[in-house]
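Listed below, chain by chain, are the residues.
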Amino acid sequence: MTVYFIGAGPGAADLITLRGARTLAACGVCLYAGSLVPRELLAECPQDARLVDTSQLDLDAIEREFVTAHEAGLDVARLHSGDPSVFSAVAEQIRRLEAHGIPYEIVPGVPAFAAAAAALKRELTVPTVGQTVVLTRIAQQATPMPPGEDLATLGRSGALLVLHLGARYVDRIVGELLPHYGADCPAAVVAYASRPDELVLRGTLGDIAAQVKDAGVLRTAVILVGRTLAASQFRDSHLYSTERDRHVC
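Remember, predicted model here, so these are calculated numbers, not experimental data.

S.K.: I tried to follow the environment of Val107 on my own but got confused; where do I start?
M.R.: Structurally, the position occupied by Val107 is in strand S5 (residues 104-107). With 58 residues separating them along the chain, Val107 and Leu165 place their C-alpha atoms 23 Å apart.

S.K.: Sorry if this is basic, but what is going on with the sheet that holds strand S3 (residues 50-53) here?
M.R.: Adjacent strands of a sheet form backbone hydrogen bonds with each other and so pair up, either parallel or antiparallel. Pairing is parallel in the open sheet, where five strands are placed in the order S3-S2-S4-S1-S5. Looking at the sheet topology across the chains shown, the edges are occupied by S3 and S5. The mean angle between the axes of side-by-side strands here comes to 20°, regardless of whether they run parallel or antiparallel. The pairing of strand S1 (residues 3-7) with S5 spans four bridges and is classified as parallel. Looking at the pairing, Val3 lines up with Tyr104 of S5. Most of the contacts of helix H3 (residues 90-100) go to S1, to which it runs at about 170°, and overall it touches S1, strand S4 (76-80) and S5.

S.K.: Is there a simple way to explain the sheet that holds strand S6 (residues 133-136) in this structure?
M.R.: Pairing is mixed in the open sheet, where five strands are placed in the order S6-S7-S10-S8-S9. Strand pairing shows two members of the sheet lacking a second neighbour, S6 and strand S9 (199-204), which therefore form its edges. Here the average twist between neighbouring strands, direction ignored, is 15°. Bridge analysis of strand S8 (residues 186-191) against strand S10 (residues 221-225) gives five bridges, and the strand direction is antiparallel. Paired with Ala191 across the two strands is Ala221, which belongs to S10.

S.K.: I would appreciate a short explanation of helix H7 (residues 208-215) in the present structure.
M.R.: Note: α-helices contain 3.6 residues per turn, so residues at a spacing of three or four share the same orientation. If you check which residues of H7 are buried, you get Ile208, Ala209 and Val212. An end-on view of H7 places all buried positions within 105° of arc, on one side of the element. Just downstream of H7 lies Gly216, where phi reads positive at about 75°.

S.K.: What am I meant to see in the packing of aromatic side chains here?
M.R.: Each aromatic ring pair is described using two quantities: the centre-to-centre distance and the angle formed by the ring planes. Taken as a whole and judged by the stated rule, the model has two aromatic pairs. When the ring of Phe5 is compared with that of Phe66, the centres are 6.3 Å apart and the planes differ by 75°; the resulting orientation is edge-to-face. Of the two residues, Phe5 is situated in strand S1 and Phe66 in helix H2 (residues 59-72); the sequence distance between them amounts to 61 residues. A residue is classified by how much of its surface remains accessible, and Phe66, at 3% relative accessible area, is buried. An angle of 75° between the planes, with centres 6.5 Å apart, marks the rings of Phe5 and Tyr104 as edge-to-face. Of this pair, Phe5 sits in strand S1 while Tyr104 is found in strand S5, placing the two residues 99 residues apart along the sequence. Looking at Phe5, the relative accessible area reads 0%, which means it is buried. On the basis of relative accessible area, Tyr104 is assigned to the partly exposed category, the value being 27%. Linked through ring pairs, Phe5, Phe66 and Tyr104 together constitute an aromatic cluster.

Rules of the game
- Residues numbered from 1 in each chain as written.
- Predicted model: local features only at pLDDT ≥ 70, side-chain atom pairs only at ≥ 80, totals over all residues.
- Heavy atoms only, no water.
- Helix = DSSP H or I, 4+ residues; strand = E, 2+ residues; numbered from the N terminus.
- Pairing = 2+ DSSP bridges.
- Axes fitted to C-alpha atoms, helices over the stretch in contact; angles between N-to-C directions.
- Contact = heavy atoms within 4.5 Å.
- Buried < 20%, exposed > 50% of the residue type's maximum accessible area, 1.4 Å probe, protein only.
- Arc of directions from axis to C-beta.
- Phe/Tyr/Trp six-rings, centres within 6.5 Å; stacked < 30°, edge-to-face > 60°.

As far as function goes, none of this settles anything; it's purely spatial.
Encoded structure:
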């Protein structure tokens, strides 16, 4: 058997990849994050599949589900929201699978920040304005951030910041970034990206916190801060430039 960590996408059921849907349809067990993964995706599972909502389970209980499925010879679809490579808690599950000698694979998905960019109708990297995107979070009621990854340090780069899991602490985020980006820096918040109840807030670092609180956004949101969010005066990309040397591949 194999445990497949499948990125379910940012929220809309049709944003799972073809590979993810096909893998889901072939697994006898599905462990899914019920608070985040759209229930419509469970229709892709075999009719006799064991479905387990992990939203109330701890890591030990999830590990037992893996071991039980392994002993029964049943493939497991482990559905995570977004893409498993970012803020998915996959690493500690993999560590336990390896300790048991249980095979696993990762099926990538559409990450939340990509869905947020689509909702904003923006490219996050713009020529001569910004070519770096930092995906991060803050340490509030969560695992502490490693040294050198605090917002003050990251903010000195001036790069576009994409903050997960931080809408509840938007005042703190704004306060730490203002000295580095300025009150006029473009900012946006996208909640429930790609879902029917998607909410998009656009503004500046000076007013985005008030917008978030007025809208009552507390979770399932991505905060973006950076100049590329409103860039309009920039040179065309070198990729399609008429001045580019066509002999260079």
